[in-house]
Every structure is written in structure tokens, then in C-alpha cells.
Amino acid sequence: MVSSCVSHLGQFGTGLQLYYSLFQSRNLSDISILCNYVNLQKLELQHNKIKDLSCVSHMPYLVILDASHNEIFNFFGFQPPKNLKEVNLCHNHMTKMKDLSAYSSLSKLDLDYNRFSEISGLEQCCRLTHLSLAHNKISRISGLGSLPLTYLCLKGNQLERIEGLENLKNLQVLDLSMNSITSLSGLQNLCLLGSINLEKNLFDKHKRNYRCSKYSYTITVFVTCSTSSDWQEQQDYRLSVVFLLQHLTVLDQEKVTAEEKVSSVNKYDPPLEVVAARDHMTQLVYQLNQPQVLYDSTLPGADSPYPMLVLTGPQGGGKRELGHRLCQEFSEYFTYGICHTTRGPYYGEENGVDYHFVSDEDFQNMIYMGKFIQTMHYGGHRFGLTRDAIEDVAREGLACCLHMELEGVFSLKKSYFEPRYILFIPTQLEKYTDRLKNRGLYTPAQINMAVSRVELYADTNSKRLGFFDNVIPCADDLEEAYQTLRQVVKEYMLLEEQDEGENIRASHGSTSIGVRFFLFLFMGSRY
Ligand SMILES: Nc1ncnc2c1ncn2[C@@H]1O[C@H](COP(=O)(O)OP(=O)(O)OP(=O)(O)O)[C@@H](O)[C@H]1O
């Protein structure tokens, strides 16, 4: 039978000089006669009843072997042809893989529809770029080491976790559909992955926390059922995968759109502008829903806006202490605007002095009541500046001094207030870290977050010219920073060092007149 096939099919060259041979669907079981065809380079044996491939040992030039849809039990039961590149052994009866290090040219291996329960013996196949093991009985991804795989299909197995892929740096296409996977964890480092199929798995409503490498935010990704018919859940699921795998172009056989990419970033790691715009919009909408109150003390005048000083910088870097000292020294001109927070008071902090300490519920109600100009989440707590806080200061004829994180600054910049923004930036990270540790208030994670945000401030300063009105480096000793701060503030106020006290007091008598004059200078000198 085989010899008649050989004589009829695919023969070129003469006699035993056969390069390409095709024996599809011939009901063949014994192909031992092929031992004589030593020059074969491509052999197609699919849809037969072949059990034994040992004749391949006699084909040193074989490059492509297709023995799919046969009855083979023995995995690679032949001596390695030196140049064997592509092997298809799908739809056979193989159960155990063996060491393939001798098959060093192997680049494509199809083993779908067998009975393998474990991936092994492939680690040394340093040219293997395509591996398909769909519809086997594999329950763990292992044995892939750092293969140069660009394509990996493990569809229809018994996988519960995504693991063992972290070193597949070249992976571009991954099919894990029809398994029992419940979490996306394990996909994080696949930065070249362009196409993934996760259909028909067991993702349910588990919350997963991923650390965003950039600024060490912890974001929560909701992994929802990919087979769910609920549109919103489906959207959340897609966005969370797209966020995790930023090079993705195809997800579950559907093209990933540019809109999805933007939405995923805006959802899970929004740029500061987006956070600020959302916060501003929220506060504005709730304010507009309330009866309008005229806040006359802080309304921008014809010549100048209401003066405010905003001290910003990473947590615990010194801005609060410096601000307090400034308000004490220049108490006739500045006082602190008191923000609201949902965090509990630290030892020594007083309600209504350091913050208004409120519950989450009260804070939320205040948002609904349109009380806030800006709010922000920080370290698991909420912080917010109300219009009343500024108004209380303004009614005393004083300028308002505030401290806040960068997101607050972005948000405040969208309002009609036009403060001076002074950035305090730690210059020695080690000392800044020690300072945070010594305060004894923060967990290691909080310290890491605060320290990692120094870069965010520095980046904002270097990329946005004029975003901060002044930048004051903060070394370990805050004295120098304070002297710079007072100098800066005096320059705003157009005060000369030698006669500052008399000058202002003598010229303007009462505090409020003095302040009004100072306010004019304060804001006017800016433009
Ligand atoms: N309304 C607000 N908007 C944005 N950020 C705010 C607001 N109020 C306070 N913050 C900032 O939130 C961060 C956390 O506030 P918290 O009072 O817990 O800080 P802290 O540990 O006392 O450190 P710091 O000495 O920098 O204030 C600080 O950087 C603070 O300046």
C-alpha cells in the first residue's frame, strides 16, 4: 500500500530521491518501507492508523512532519533528524512528553488533542516559537522556562491559574480559553502580548489588587465573568485585561479599540488631569444642585482674586509644619484654611484646628450638599476643602493658607481661585524616608507610597513650566526651607527685610485694611 502511494503521489526526483511525500487518509498502519526514503524533507501522514514513527529515524533531512490524526502513543519515537523544524502530532494517543533537547531545530510543535497531563522536556528547545497543546489534560503550566515562544495555545485544558509564563518574554499570542482560570494574576510581565483569548473560564467577581508600577498606587481590578451577558460586567472585564496587558490588540477574538485602551487607563491609573477633572466636575454638579449662595468675601475682585497660599509636596515632607510657622509669624495676614478629612486624628491633633474630622458618611453627604471645592482620596482616606473653610478665613480679612497633595492642586486649579502654589520637595530621599519612619505614624506601605510620589512632584515640576509658583527644596533640617519660604512670601508682599513690620502697620493701621492692601500686592505682583 505504502509503496503504491509512493509511486503515485508527490514523488519527484528519481528512485529513492524523494523529497516530499504525502500519504493522507490512506488507512496506513505500517510505514516501515519509508526507511528507504532517506532524502525525505517533508512527510505528511495525517488521517491514517499509524502507531509507529520509527522509520523517521532514517530520514536525516526531514524538516516537516505531519502525523496528526493517527494512533501514535509514543511521543517522538524516532531518532532526531538534524533539521526537523515543524512537527504536528495532533489527535493521537500520547500521554507523556520526553526530553526533546536533541531536536534542537524544532520551532513549531502541535500536540492538540492528546492526553498529556504535564508539559515537560521542552526547556532546551531553544528555537521553539510555536507550541500548541490544546485539548489535553494539563492542570498546571510548567516546563516552559524561558523558551522563545511567540505563540502558545493551551485552550481546553484543566488550568486553574495562570503561572509559569513570566519568562516568556517574546510571547505575542496566548490562548487560554476553555479552562478553569479564576484570576488574571500571572499575566503582568508579558509585555509583547498582542492577542489573548480568555473566553470560557471561571472568572467571577473576585477583586484583584495590582500594583501600578508608576506611582505605586494600588488599584483594584474587578475581574468579572467573561461569559456574562451583563454588558457592564463584560466592559469591566475587558477594561481590566486591556489595562493589564497594554500591548493587547485582540482580546477574546475581538479587536481592542483605541477607546478601550484610553478608558482602561482612565479607569485604573488615571492621569492627574483626569482625576482632577472628574473631581472638579463632581463638586460642580453638586454645587449647582444647591441654592446658590453668594460668597462675597472670596469673589475675585476687579483687580485681583482672593489671595491664597497653597503649600504642596509629598506627605510628611514638612509643608504642614512650615505652613503653621508661617501663619504664626505672619498672623496678621495668613491663617490656615481647615480641610475636612475622614482619617482619625493623630495624637495631639484637634478637631477644627488641624482638620474637621468627619465620618465617611458625613463626608459623602457634604459632597452631595455641594460643600466642597475639591476632594481627594489619599492613603485610604478622603480629604476635602470646603468653600466655607476659605470663606471663614476671608471674612476675618485674612488670606488663606492651605496644604495639599498634588491631585488637590490640579483640582483647585480648575476652580475660580487663583492661589500661589509653593512646592516643598525633599532633596534627600533617605533622610525623607527616615523622617517618615521617625514620625511613627505610617506603615511601610504608606512610607513607600509617599517616597515614590516625590518623583511625581519632580516630574510635574520639570514638565510643566510655571505650574508651581515656587519650588523650595526641603533637606533634613527645615530651617533653611522656612527661611526661603518667608523670603518668598515677603517678596509676594513686597516687604523689605529691615522695615517690614512698621512699614505695613504704619501704612495701613487696621489688620483688615493692611491685609487688603497686602492682598492687592500679593496677587497683583504676579501679573
Ligand atoms: N483637601 C485636600 N486635598 C488634597 N490633599 C490634602 C487635602 N488636605 C490634606 N491633604 C494632604 O493629604 C496628605 C495626607 O494628609 P495627612 O494630614 O494625613 O498628612 P500627614 O501625615 O499629617 O503629613 P503632612 O505633614 O504632609 O500633612 C497630606 O499631604 C496633606 O497635605
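As recorded by an unreviewed UniProt entry, the chain carries the name Leucine-rich repeats and guanylate kinase domain containing and is attributed to Mastacembelus armatus.

Once that is clear, we can look at the pairing of strand 20 (residues 399–404). Burial analysis of strand 20 places six of its six residues in the buried class, which makes it a mostly covered element. A two-sided burial pattern is seen for strand 20, the buried positions comprising Ala399, Cys401 and His403 on one face and Cys400, Leu402 and Met404 on the other. Bridge analysis of strand 14 (residues 308–312) against strand 20 gives five bridges, and the strand direction is parallel. Looking at strand 20, one finds that Leu311 is bridged to His403. Examined bridge by bridge, strand 15 (residues 334–336) and strand 20 share three bridges and lie parallel to one another. For Thr335, the partnering residue across the bridge sits in strand 20 and is Cys400.

Next up on the list: the site of the ligand. Residues in close proximity to the ligand total 17 residues, the closest being Arg320, Phe383, Met404, Glu405 and Gly408. For the shell around the ligand, the secondary structure elements donating two or more residues are helix 5 (319–329), strand 18 (372–378), strand 19 (381–386) and strand 20. A class-by-class count of the residues in the shell around the ligand yields seven nonpolar, six polar and four charged.

With that settled, the discussion passes to the environment of Glu321. Mapped onto the elements of the fold, Glu321 is located in helix 5. Its 15 C-beta neighbours within 10 Å are what place Glu321 among the partly exposed residues. For the pair formed by Glu321 and Tyr482, sequence separation is 161 residues and the distance between their alpha carbons is 9.3 Å.

What follows covers the sheet that holds strand 22 (residues 470–474). Strands sit in the order 15-20-14-21-22 across an open sheet of five strands; the sheet is parallel. Each end of this open sheet is capped by a strand with a single partner; those strands are strand 15 and strand 22. If you compare each strand with its neighbour and ignore which way they point, the axes differ by 25° on average. Sitting on the sheet, helix 5 is in contact with strand 14, strand 15, strand 20 and strand 21 (420–426), with an inclination near 165° to strand 20. Each of strand 21 and strand 22 is contacted by helix 11 (residues 478–492), which is oriented at about 165° to strand 22, the strand it contacts most.

Let us look at the sheet that holds strand 18. With mixed pairing, the four strands of this open sheet are ordered in space as 17-16-19-18. Two strands in the sheet have a free side with no partner beyond their single neighbour: strand 17 (356–357) and strand 18. Here strand 16 (residues 340–341) pairs with strand 19 via two bridges, running antiparallel. Note on strand 19: the bridge partner recorded for His340 is Gly384. Against the sheet, helix 6 (residues 360–368) touches strand 16, strand 18 and strand 19, its axis set at about 145° to strand 18.

Before going further, it helps to examine the pairing of strand 21. Most of strand 21 is tucked away: seven of the seven residues are buried. Burial along strand 21 is two-sided: the face carrying Arg420, Ile422, Phe424 and Pro426 and the face carrying Tyr421, Leu423 and Ile425 are both buried. Strand direction decides the pairing type here: strand 14 and strand 21, joined by four bridges, are parallel. By the bridge assignment, Thr312 is partnered in strand 21 with Leu423. Judged from the five bridges that link them, strand 21 and strand 22 form a sheet pairing that is parallel. Pairing of Ile425 across the sheet is with Pro473, part of strand 22.

Look at helix 10 (residues 444–463): 29 Å from first C-alpha to last across 20 residues, which is about the 28 Å you get at 1.5 Å a residue. All buried positions along helix 10 are accounted for by Ile447, Ala450, Val451, Arg453 and Tyr457. For helix 10, the buried positions fall inside an angular range of 155° around the axis, keeping them on one side. Away from the buried face of helix 10 by more than 90 degrees, exposed residues Pro444, Ala445, Asp459, Ser462 and Lys463 are located. Where helix 10 is buried, its residues touch helix 8 (406–412), strand 21 and helix 9 (429–439).

Here we come to the environment of Leu239. With respect to the helices and strands, the residue Leu239 is situated in helix 2 (residues 231–244). Counting along the chain gives 26 residues from Leu239 to Val265, while the straight-line C-alpha distance between them is 8.4 Å.

Turning to unusual backbone geometry, a few remarks are in order. With phi around 50°, Phe76 is a residue other than glycine that occupies positive phi space. Mapping Phe76 onto the fold places it in the loop between strand 3 (64–66) and strand 4 (86–88). Accessibility expressed as a C-beta count within 10 Å gives 23 for Phe76, which makes it buried. Phi is positive for Gln253, close to 70°, though the residue is something other than glycine. If you trace the backbone, Gln253 turns up in the loop between strand 12 (250–251) and strand 13 (254–255). In this structure Gln253 comes out as exposed when scored by C-beta crowding, with 11 C-beta atoms within 10 Å.

Conventions adopted
- Residues numbered from 1 in each chain as written.
- Predicted model: local features only at pLDDT ≥ 70, side-chain atom pairs only at ≥ 80, totals over all residues.
- Buried ≥ 20, exposed ≤ 12 C-beta atoms within 10 Å, placed from the backbone.
- Helix = DSSP H or I, 4+ residues; strand = E, 2+ residues; numbered from the N terminus.
- Pairing = 2+ DSSP bridges.
- Near = placed C-beta within 6 Å.
- Nonpolar A, V, L, I, M, F, W, Y, C, P; charged D, E, K, R; others polar.
- Axes fitted to C-alpha atoms, helices over the stretch in contact; angles between N-to-C directions.
- Contact = placed C-beta atoms within 7 Å.
- Expected span 1.5 Å × (residues − 1).
- Arc of directions from axis to C-beta.

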